[in-house]
Amino acid sequence: MADLRVNFAGVTFKNPLVLASATPGWDGEGMKRAALAGIGGVVPKTIGPVQDWAAHPRNGRLQLIKNGSKAIGMVNLELFTTKTREDWIKEDLAIAKQGGAVMQVSVLAMPHPEETAELVDEIQSTGLVDLLELNVSCPMPASTVGMHIGKSAELTYKQAKIAKSAAKIPLTVKLTPNVSDMVEIAQAVKDAGADGVTISNSIRSFAGVDIETGMPLLRGYGGYTGPAIKPVIMRHLSEVARAVDIPISAIGGVMSFKEIVEYIMLGASTVQTCTAVMWNGYSIITKFLEDLENWMDDKGYKSLDEIRGIALPHITTVEELAKLPPKFANVDVDKCNNCGKCEKVCMYRAISSDDSAACVDQTKCDGCGLCVQWCPKGAIELR
Ligand SMILES: Cc1cc2nc3c(=O)[nH]c(=O)nc-3n(C[C@H](O)[C@H](O)[C@H](O)COP(=O)(O)O)c2cc1C
């Protein structure tokens, strides 16, 4: 049987799956439920100051984003925990710990770095925490915290440095995807001496407009999460993994065990999940882990070390790819049902139908591969 254990930032997890900092870790009980479902690590909602204006319950803050009837993502306006520091320290962290998962605790990088150091010290003094995750990446606040720190390499360096000097346990920094180049920020985190990076928080976004009323679906800018964000996160993850030698925890759009594998193949050590749990409940964790173990056994992998980063050496530039010999669409007439979909999606007008099947004019085909992926019968191949 495959061994799912991983090491991240010097801490051993029994498997790579971690509950991301968000609503499923609203309190100790939520974290414990995730742990009892088998998860390797748990992160609570980010612990910071409790502000009266952001009190709980609130007046609506989540919006599913759909393509037709299928949810492809979610925008949220949720801020930090509404539990007090005392609640977490005296009660909730102990309840979470009963679940037996690695305790990776999210602390807010405060407007003044000295306050960050105090918070780090307070939380680690509980003796219940294995790893700290410094949040410089919340996309909502219009002030001096969250991504307003994380989009600057200099501010991130200052916060990571002071948090690391206060930390007696390993420290990872959760980065924002709302930057054009995450590599320089991850390098700043490494230079500050932190033990890992978490890639990443949600994407600052706008949920949409109700066309009957003209009203925005949510009246503020929020964080976009779920399956739609995976390609954006994978870009940042792979760029950082290729350029900076630092352990990485990846997050964004995990909806099955496959995304866990993909993230590890792009260099991640652990993989976090939030939206999948919010949409399916904590039992989805058990399913992901069973599927991951079965997949590894079927492939004959004994450990996740065998696959970590294996996709990275194959990533290249479009300039290099342009030097490769061209490929053209080829139709298997025995499989083709002549539905016409390939003809509609071919913007090069290279595909037409005769009486029985689609045919490709290879002098016009640009080898884009869109017809291959839309063909309902798997009848087209690029060669
Ligand atoms: C409702 C909600 C609340 C969140 N709260 C936090 C938070 O307090 N701290 C934090 O670092 N990230 C927070 N996140 C971001 C998640 O930890 C995670 O980075 C993001 O959801 C992407 O992962 P997913 O696609 O698996 O949901 C929140 C996300 C959601 C949906």
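Each remark here, short or long, concerns the structure printed above.
Residues numbered from 1 in each chain as written. Predicted model: local features only at pLDDT ≥ 70, side-chain atom pairs only at ≥ 80, totals over all residues. Heavy atoms only, no water.

Participant: Which residues make up the site of the ligand, and what values do they have?
Facilitator: The ligand sits among 23 residues. The nearest are Ser21, Thr46, Lys174, Gly253 and Thr275. At a separation of 2.7 Å, an oxygen atom of the ligand approaches a polar side-chain atom of Lys174. One of the backbone N or O atoms of Gly226 is found 2.9 Å from an oxygen atom in the ligand. Computed on the free molecule, the ligand has an accessible area of 610 Å², of which 98% lies beneath the protein chains in the complex. The class makeup of the residues in the shell around the ligand is seven nonpolar, 13 polar and three charged. (Near = heavy atom within 4 Å. Polar contact = N/O pair within 3.5 Å; in protein donor to acceptor, adjacent residues only side chain to side chain. Areas by Shrake-Rupley, 256 points an atom, 1.4 Å probe, with all protein chains shown as cover. Nonpolar A, V, L, I, M, F, W, Y, C, P; charged D, E, K, R; others polar.)

Participant: Run through the sheet that holds strand β8 (residues 131–135), naming residues and quoting values.
Facilitator: Taken together, eight strands build a closed barrel; the order of strands is β3-β4-β7-β8-β9-β10-β15-β16 and the barrel is parallel. Note that β8 and strand β9 (residues 171–174) share four bridges and pair parallel. In the sheet register, Leu132 faces β9, and the bridge partner there is Leu171. Sheet strands touched by helix α7 (residues 230–243): β10 (196–199) and β15 (248–251). Its angle to β15, the strand with the most contacts, is close to 170 degrees. (Pairing = 2+ DSSP bridges. Helix = DSSP H or I, 4+ residues; strand = E, 2+ residues; numbered from the N terminus. Contact = heavy atoms within 4.5 Å. Axes fitted to C-alpha atoms, helices over the stretch in contact; angles between N-to-C directions.)

Participant: Now, about the sheet that holds strand β11 (residues 203–205): what can you tell me, with residues and values included?
Facilitator: Pairing within the open sheet is antiparallel, and its four strands lie in the order β5-β6-β14-β11. The open sheet has two edge strands, β5 (62–67) and β11, and neither has a second partner. Averaged over all pairs of adjacent strands, the angle between their axes in this sheet comes to 40 degrees, without regard to strand direction. In this sheet, strand β6 (residues 70–76) lies alongside β5 in antiparallel orientation, the contact comprising six bridges. Residue Gln63 lies in a different strand from β6, and its bridge partner there is Val75.

Participant: Quick one: what's the story with the packing of helix α5 (residues 153–166) against helix α6 (residues 182–191), residue by residue and with numbers?
Facilitator: Two packed helices can be described by the angle between their axes and the distance between those axes. Contact geometry for α5 and α6: axes closest at 8 Å, N-to-C directions at 25 degrees. Relative to α6, α5 is oriented roughly parallel. Here the hand of the crossing between α5 and α6 comes out right-handed. Facing α5, whose interface residues are Ala153, Thr156 and Tyr157, α6 presents Glu184, Ile185, Ala188, Val189 and Asp191. For the contact of α5 with α6, the residue count by class is five nonpolar, one polar and two charged. (Parallel < 35°, antiparallel > 145°, perpendicular 65-115°, else oblique. Left-handed = near helix turned anticlockwise from the far one by under 90°.)

Participant: Give a description of the pairing of β15 that names residues and reports values.
Facilitator: Along β15, one buried face is formed by Ile248 and Ala250 and the opposite face, lined by Ser249 and Ile251, is buried too. Bridge count for β10 against β15 is three bridges, and the pairing is parallel. Bridge pairing in β15 places Thr198 opposite Ser249. Relative to strand β16 (residues 270–273), β15 runs parallel, the two being bridged by three bridges. Among the inter-strand pairings, Ser249 is bridged to a residue of β16, identified as Thr270. (Buried < 20%, exposed > 50% of the residue type's maximum accessible area, 1.4 Å probe, protein only.)

Participant: Explain a nonpolar patch on the surface residue by residue, including any values.
Facilitator: Nonpolar side chains collect at one region of the surface, where Phe206, Val209 and Tyr221 lie side by side and expose about 300 Å² of accessible area between them. Along the chain, Tyr221 turns up in the loop between β13 (215–216) and β14 (222–225). (Patch = residues over 30% accessible without salt bridge, like charges linked within 9 Å, V, L, I, M, F, W, Y side chains within 5 Å. Salt bridge = Lys/Arg side-chain N within 4 Å of Asp/Glu carboxyl O.)

Geometric descriptors of this kind do not, in isolation, establish any biological role.
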